Number of protein chains: 2
Amino acid sequence: MVPINLLRGRTAANYAHTGHWSKKAIAEAQRYCDVNICTDSSDNKYTDIADFKDWHINEKGAFLHYTPNETIAGLEFDYIPETEQPLVADMSSTILSREIDVSKYGVIYAGAQKNIGIAGLTIVIVREDLVGNVAAHQPILFDYATQINNDSMYNTPSTYPWYVAGRVFEWLKEQGGLSVMAKINEHKAKTLYAAIDGSDFYSNPVVERYRSWMNVPFLLANEDLNGLFLEQAAERDLITLKGHRSVGGMRASIYNAMPQKGIDTLVGFMQDFEKENG
Amino acid sequence: MVPINLLRGRTAANYAHTGHWSKKAIAEAQRYCDVNICTDSSDNKYTDIADFKDWHINEKGAFLHYTPNETIAGLEFDYIPETEQPLVADMSSTILSREIDVSKYGVIYAGAQKNIGIAGLTIVIVREDLVGNVAAHQPILFDYATQINNDSMYNTPSTYPWYVAGRVFEWLKEQGGLSVMAKINEHKAKTLYAAIDGSDFYSNPVVERYRSWMNVPFLLANEDLNGLFLEQAAERDLITLKGHRSVGGMRASIYNAMPQKGIDTLVGFMQDFEKENG
């Protein structure tokens, strides 16, 4: 929906390529405009992000799109790009993990299936002056103004996921809000990365400052043990640890719903497994 | 999604206007092509449908779109338009109410929130030769080929509504399938229309052969009693009977989930209410 609404007569846009999801956004945008890849982490296999001063921005771009957290490589921005162009963020896998300064963004969008609730809903936050500029010959449904003017009910919305999201928001408030969640999430991630870094048996290739709080991929020194690792992990109820096929190894997705206890159990298992097989 | 995929270079399409939902489809289509309104039931306040031989078809149209059942006026086709153009049907409020001959259609689409399950899912059935013709500069997500090539999982699908749909399909099979459901639904509708027609207190303006099996609107002779009717109905657990604001009065939506017993309870209440207030 982003290019349809945000090009506003311009013919180019800037996209940061830092992983799978930014790549998908780029493919979509290329249907509508000249996409300038202003930074490209595929050069470093998605283990690093260039400093913003080294990005190549097309000054005629209608907006700048980036993905604060990439789930597959576990690559996460620790800074917000500073630009005069409307800043657009796919926050699907980072929203609600900590506080964010909404005022820095033109558009924030996020699928519900990570920290918001269950799949079937996408939340969009749009700066008011960016509404109402949809291109002609594009779907009415994809016009931000349509959704706003109809209280997100132009068509029948996804009611149950919407209800679940409301319950999750209540739960987050009960926990003490996003500043508290941030501390919990930071501690969870640090525990796991410390276990990985403290061992020669496990490794994570991402530059430390860009390591994701939400998705922690790690490799076993001996890949032949991957199957055994997953099998024995499952016996301790540690599941869905298999890494994405494009990077291999393991990946622990530790969204808000994962408590510190889950991390501690995983770390305990990793240490036991290393003792037996390392 | 229909015009984007089905225009295939043509610039016109035929749309039957028989109510609220066909009107919405027309508004969307007008963004992409010249829409020929081939029949228009707004002339008769959505109480009648012209014979197909009296429709004004644009022979250069890329397809013919119609809405077999309109929920607000309770207007339902009792025939299938016979055309050489791909026939497109918004079956949201009629699918699974009876057997349909899928081979007559180019595209069938249906929101889940009536007979399929809960809101958050749309099912699309496309004739194979109509896939892969999406217009340039249109969303990848709206290309039927994208969905087919990715087993409907190009992005994260609406998982819970999808699961519920599967459970509903199992339930339908347990009931004996759609031929059995058709008999149940026909009997439910006949019971209710008979109660309406057998009284001077209630009325339904739709021509008999085009009365919907799924949505039965009816008016009270004295509109001042609408509030009292709804209040007393609610005391008998008969709820959501208020008609759409555009037609007023009452509307009983009696999808597959509504058993004959619900109809009998409603009819019993209607008769009691008439005795007291008629």
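Residues numbered from 1 in each chain as written. Chains lettered and ligands numbered in written order. Predicted model: local features only at pLDDT ≥ 70, side-chain atom pairs only at ≥ 80, totals over all residues. Heavy atoms only, no water.

## Examining the interface of chain B and chain A
With 25 residues of chain B at the contact, the number on the chain A side is 25 residues. Of the roughly 2,100 Å² buried between chain B and chain A, counting both surfaces, carbon and sulfur atoms make up 52%. The tally of links between chain B and chain A comes to zero salt bridges. Summed over the shared surface of chain B and chain A, the number is twelve residue pairs in polar contact (both at pLDDT 80 or more). Broken down by element, the side of chain B that touches chain A gets its largest block of residues, three residues, from helix H2 (residues 20-29) of chain B. (Contact = heavy atoms within 4.5 Å. Buried area = accessible area lost by both parts, 1.4 Å probe. Salt bridge = Lys/Arg side-chain N within 4 Å of Asp/Glu carboxyl O. Polar contact = N/O pair within 3.5 Å; in protein donor to acceptor, adjacent residues only side chain to side chain. Helix = DSSP H or I, 4+ residues; strand = E, 2+ residues; numbered from the N terminus.)

## What about the sheet that holds strand E8 (residues 122-126) of chain B?
Residues and elements named next belong to chain B. On the basis of which strands lie adjacent, the open sheet formed by six strands has the order E2-E1-E3-E6-E7-E8 and mixed pairing. Looking at which strands have only one partner, the edges of the open sheet turn out to be strand E2 (34-40) and E8. With strand direction ignored, the average angle separating the axes of adjacent strands in the sheet is 15 degrees. Here three bridges tie strand E3 (residues 64-66) to strand E6 (residues 87-90), and the two strands are oriented parallel to one another. Across the sheet, Leu-64 pairs through a bridge with Leu-87, a residue of E6. On the sheet, H2 packs against strand E1 (12-17), E2, E3, E6 and strand E7 (107-111) and is oriented at approximately 160 degrees with respect to E1. (Pairing = 2+ DSSP bridges. Axes fitted to C-alpha atoms, helices over the stretch in contact; angles between N-to-C directions.)

## Points about the confidence of the model for chain A
Averaged over all residues, the pLDDT of chain A equals 96, while 100% of them reach at least 70. For this predicted complex, the interface confidence score (ipTM) comes to 0.89, while the overall pTM stands at 0.92. (pLDDT = per-residue confidence, 0-100.)

## A word on the packing of helix H6 (residues 226-235) of chain A against helix H7 (residues 260-277) of chain A
Residues and elements named next belong to chain A. Put simply, H6 and H7 touch, their axes get as near as 11 Å, and they point 135 degrees apart. Compared by their axis directions, H6 and H7 come out oblique. Here the hand of the crossing between H6 and H7 comes out right-handed. Of the residues in H7, those touching H6 at Leu-228, Phe-229, Gln-232 and Ala-233 are Phe-269, Met-270, Phe-273, Glu-276 and Asn-277. Grouping the amino acids of the contact of H6 with H7 by side-chain chemistry returns six nonpolar, two polar and one charged. (Parallel < 35°, antiparallel > 145°, perpendicular 65-115°, else oblique. Left-handed = near helix turned anticlockwise from the far one by under 90°. Nonpolar A, V, L, I, M, F, W, Y, C, P; charged D, E, K, R; others polar.)

## Observations regarding helix H4 (residues 159-175) of chain A
Every α-helix winds through 3.6 residues per turn, so residues three or four apart in the chain are directed the same way. Residues and elements named next belong to chain A. In this model H4 runs 25 Å from its N-terminal to its C-terminal C-alpha over 17 residues, within 8% of the 24 Å that 1.5 Å per residue would give. Every buried residue belonging to H4 is among Pro-161, Val-164, Ala-165, Val-168 and Leu-172, and all of these are buried. Along H4, the residues classed as buried sweep out an arc of 105 degrees about the axis, all on the same side. Within H4, the exposed residues directed more than 90 degrees away from the buried face are Tyr-163, Lys-173 and Glu-174. Of the surrounding elements, those touching the buried residues of H4 are helix H5 (178-197). (Expected span 1.5 Å × (residues − 1). Buried < 20%, exposed > 50% of the residue type's maximum accessible area, 1.4 Å probe, protein only. Arc of directions from axis to C-beta.)

## A word on the domain arrangement of chain A
Residue and element names in this part refer to chain A. Domain boundaries in chain A define domain 1 (2-172) and domain 2 (177-277). Relative to domain 2, the C-alpha centre of domain 1 lies at a distance of 27 Å. If you look at the interface, domain 1 gives 25 residues, while domain 2 gives 24 residues. On inspection of domain 1 and its partner domain 2, the count reaches two salt bridges. The closest approach of N and O atoms between Asp-51 and Arg-209, which form a salt bridge, is 3.7 Å. Across the domain 1-domain 2 interface, the total number found is 14 residue pairs in polar contact (both at pLDDT 80 or more). (Domains from an automatic or database assignment.)

## Some details on the packing of aromatic side chains
All names here are of chain B. Using the criterion set out here, one finds 35 aromatic pairs over all chains in the structure. Ring geometry for Phe-201 against Phe-273: centres 6.1 Å apart, planes inclined by 55 degrees, an arrangement best described as tilted. Residue Phe-201 is located in the loop between helix H5 (178-197) and strand E9 (202-203), and its partner Phe-273 is located in helix H7 (residues 260-277); the two are separated by 72 residues in the primary sequence. Judged by its relative accessible area of 8%, Phe-201 falls in the buried class. Judged by centre distance (5.8 Å) and plane angle (45 degrees), the ring pair of Phe-269 and Phe-273 falls under tilted. (Phe/Tyr/Trp six-rings, centres within 6.5 Å; stacked < 30°, edge-to-face > 60°.)

## As for the nonpolar core
Of all hydrophobic cores here, the largest spans 43 residues; its most connected members are Tyr15(A), Phe63(A), Tyr15(B) and Phe63(B). For this core, the secondary structure elements donating two or more residues are helix H1 (2-6), strand E1 (12-17), helix H2 (20-29) and strand E7 (107-111) of chain A together with helix H1 (2-6), E1, H2 and E7 of chain B. Apart from the residues lying within four places of it in its own chain, the contact partners of Phe63(A) are Val2(A), Pro3(A), Leu6(A), Leu7(A), Ala13(A), Asn14(A), Tyr15(A), Gln85(A), Pro86(A) and Val88(A). (Core = buried A, V, L, I, M, F, W, Y, C linked by side-chain atoms within 4.5 Å.)

## Some details on the relation of the copies chain B and chain A
Here the second copy of the chain follows from the first by a rotation about an axis and a shift along it. Relative to chain A, chain B is turned by 180 degrees and slid 0.0 Å along the rotation axis, the superposed coordinates differing by an RMSD of 0.0 Å. When the rotation and shift are considered jointly, the pair of chain copies conforms to a two-fold rotation axis. Taking C-alpha positions as reference, the residue of chain B nearest the rotation axis is Gly120(B), located at 3.0 Å. Interface residue correspondence from chain B to chain A reaches 100%, placing this contact among same-surface, isologous pairings. (Least-squares fit on C-alpha atoms with pLDDT ≥ 70 in both.)

## Concerning unusual backbone geometry
All names here are of chain B. One non-glycine residue, Arg-8, adopts positive backbone phi at about 45 degrees. The residue Arg-8 is located in the loop between H1 and E1 in this model. Positive phi, close to 50 degrees, is recorded for Asp-151, a residue that is not glycine. One can find Asp-151 in the loop between helix H3 (144-149) and helix H4 (159-175).

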